[in-house]
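Residue-level structural notes
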Amino acid sequence: MIRMIGKLKRNAGWLLLTLALLFVQAFCDLALPGYTSDIVDTGIQQKGVEDAVPQSIRPESLKSILTVAEEKDAKVIRDCYVQDGKLFYLRDLSKEQREGLSDIMGASELFLSFAQEQGIDINTVPEEQIRAMKKGTEEKLKEYPESIVTQAAVLYVQTEYEAQGIDLNHLQRDYLIRTGAKMLGLALIGMVAAIIVTLLSSRIAAALARDLRQEVYRQVLSFSASEMNRFSTASLITRCTNDIQQVQNVMMMLFRIVVFAPVMAIGALIKVARTGSYLRWILVVAVAAVAAMILLIFALAMPRFKKLQIKVDKINRIAREMLTGVPVIRAFSTEKHEEERFDEANTDFYRTNLFVSRLMSFMWPFMALIMNLVTVLTVYSGARGIDLGRLQVGDMMAFMQYAMHVIISFLFISSIAIFMPRASVSAGRIFEVLDMKSTIRDPLEPGIADSSLRGEIVFDDVTFAYPGAEETVLEHVSFTAREGETVAIIGGTGSGKSTLLNLIPRFYDVTEGSIRIDGVDIRDLALKDLRDRLGYIPQKAVLFSGTIAENLRFGREGAGEDELKAAVDIAQAGDFVYADNDGLEARIAQGGANISGGQKQRLSIARAIVKKPEFYLFDDSFSALDFKTDAAVRKRLGTECAGVTKLIVAQRVSTIMHADMILVLHDGKVIGKGTHEELMADCPTYQQIAHLQLRGGESA
């Protein structure tokens, strides 16, 4: 998945914006519990008085505070207040200065509160007695938590405000409204950030999936037949669809969960640590339990996910075979067998998914149990702390919210831990395709064809063996096809006829020897330049879903309608193309399922004619045509395409008997070469084929 994240560089700008908004959202969410604590502790319990520092103070009260304060502290207090009329007002202080002043004044105010409770007028007490009283008070202060000191000091400030005639209810209301407005603003900012993050995450993930599909598709198109054989068609389809979808889903969650959840968890832990609450042990135990569960689930799920995508491949392969082979299945009455075969693969996939679902079903109740236990322990221990004066109600509420943030963050992380292994496996499968280097590549410096040898193909001592195979398919094949000539290849099944033809477009490269077109080795020509000069009609006619015109323009995109009609006429396809009013706009189903084999072959021939190539490669492309149509097509090709070199692989002697040269192959070797008449005279294998096929007088 780390390599997959590297693919996001195209969306680096959106990615940085998303990360920034995630931090904004996390900041807002983490700030809200603190404000909740302030509302409860300061707004409700302390009536809006935030700390031990009064905004205004009477001269006599300030004098009392200065009397009991240390000399250096008294100087700090005097510097922070300025007299205006009958009262002293607080100067503008920074947050740090105010916190320091609150600590100084809080201790003095607490001492004055104790003195007032005992009915002592501090201004009439000798200095030695004050020092003795302060020493005793300091000993007591060590036993009280900071929150209790703050509360006592706040009570002193409240009494001071009442003496000044300040309405504490009005002060409290203003504080609650002000703090509530801040909370509302943060909640709105967090909501907007979350919405934008969701939209951007979806955009980035969808863009990544789009780019991956395009990259995989381009890579597969560049594969030679050798690389295609390493991946099954079903596996490549799964990698382009299901695997990329798995990566997209995880990438969409990556920012909203994998990035956001740790930020929230760490932020909440820092907030809890800063409170100094003795409840932290609850969170430590909860986090340890959740982390142990996540590691256990990850260890159990990872091996299953590695097998899961392979099982998806298997289901797709079986389903594809069944759907494309329905007529054969019905003809041999093997429906029951195929159902059992699919059911076996489907059940195997189901069991693996069921195991993962069981892990998930265990995880959520466990997480709910952890959260409930945290809540119970927090309330129990917190109530005890409140009773002992070691904790405030607002602090306990804030701790509960931070604890929930931590637990929910780990819940999100555990959720992604379920999907991440499968996505990691899918990413690995995608990179298997992207990292596969094609053995058929463009040369670094493409060669230039000899204009004087235009239309010439030369096989020079060509030997070929399939990659990884020990036996050769073709051995020492040599011949020359010159411009306008027709060279035919005939032989028994498995003799290497189609393989010979497939070497010309470089579907494979020769093992030994060379193939030259117009004097240049085809390995020295750019693949596009080479294939643009060839009109290839495969053994199995392949058509694409769309109109007839769209299929014909597959040969040359800019072909006009007159050129399409001429190609249809040469290929003898007009009888069915113009059978209805749609003509060239008639629809072709996927794979040409709505037309016959002979019709597909004729449209394939027409498609090659539209291209107007320098060479025609017919790979047994007349096998589905009747003798009359076969002869008519060959006759028109001979007249309309007289200057184009043609290589024809055929099984029928009648199809090739008028060729300029016929090659007879047997076990990959050329055992006969010449015209029909020459071979009939001196090639026993060709004689045998011809006598068997022409016994009834069939000829073109």
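Residues numbered from 1 in each chain as written. Predicted model: local features only at pLDDT ≥ 70, side-chain atom pairs only at ≥ 80, totals over all residues. Heavy atoms only, no water.

1. Thoughts on the overall build of the protein
- When you go through the protein residue by residue, the secondary structure sums to 24 helices and 15 strands.
- Compactness check: the protein gives a C-alpha radius of gyration of 43 Å against a globular reference of 27 Å for 700 residues, more than 25% above the reference.
- Along the three orthogonal principal directions, the C-alpha set of the protein runs to about 145 × 55 × 55 Å.
- Look at the contacts in the protein between residues 6 or more apart in sequence, and 78% of them connect residues 24 or more apart.
- Carbon and sulfur atoms form 56% of the exposed surface of the protein, whose accessible area is close to 35600 Å².
- The averaged location of the 85 negative side-chain charges in the protein is 2 Å from the averaged location of its 78 positive side-chain charges. (Helix = DSSP H or I, 4+ residues; strand = E, 2+ residues; numbered from the N terminus. Rg over C-alpha atoms; globule rule 2.2 N^0.38 Å. Contact = heavy atoms within 4.5 Å. Areas by Shrake-Rupley, 256 points an atom, 1.4 Å probe, with all protein chains shown as cover. Lys, Arg positive; Asp, Glu negative; His and termini not counted. Charge placed at Lys NZ, Arg CZ, Asp CG, Glu CD.)

2. Observations concerning the packing of helix 18 (residues 561-570) against helix 20 (residues 597-611)
- Between helix 18 and helix 20, the shortest axis-to-axis distance is 8 Å and the interhelical angle comes to 135 degrees. With respect to helix 20, the element helix 18 is oriented oblique. Here helix 18 runs over helix 20; the crossing is right-handed. Touching Glu563, Leu564, Ala567, Val568 and Ile570 of helix 18 are Ala606, Ile609 and Val610, all from helix 20.
- Its residues placed into classes, the contact of helix 18 with helix 20 shows seven nonpolar, no polar and one charged. (Axes fitted to C-alpha atoms, helices over the stretch in contact; angles between N-to-C directions. Parallel < 35°, antiparallel > 145°, perpendicular 65-115°, else oblique. Left-handed = near helix turned anticlockwise from the far one by under 90°. Nonpolar A, V, L, I, M, F, W, Y, C, P; charged D, E, K, R; others polar.)

3. Things to note about the sheet that holds strand 14 (residues 661-666)
- Taken together, six strands build an open sheet; the order of strands is 9-12-13-6-14-15 and the sheet is mixed. With one partner strand each, in any of the chains shown, strand 9 (534-537) and strand 15 (669-674) form the two edges of the open sheet. When strand polarity is set aside, the average angle formed by the axes of neighbouring strands in this sheet is 15 degrees.
- Across the sheet, helix 20 touches strand 9 and strand 12 (615-619), and the angle it forms with strand 9 is around 175 degrees. (Pairing = 2+ DSSP bridges.)

4. Comments concerning helix 8 (residues 168-222)
- In this model helix 8 runs 80 Å from its N-terminal to its C-terminal C-alpha over 55 residues, within 8% of the 81 Å that 1.5 Å per residue would give.
- Measuring from the side-chain oxygen of the N-cap residue of helix 8 to the backbone nitrogen of Asn169 gives 3.0 Å; that N-cap residue is Asp167. (Expected span 1.5 Å × (residues − 1). Polar contact = N/O pair within 3.5 Å; in protein donor to acceptor, adjacent residues only side chain to side chain.)

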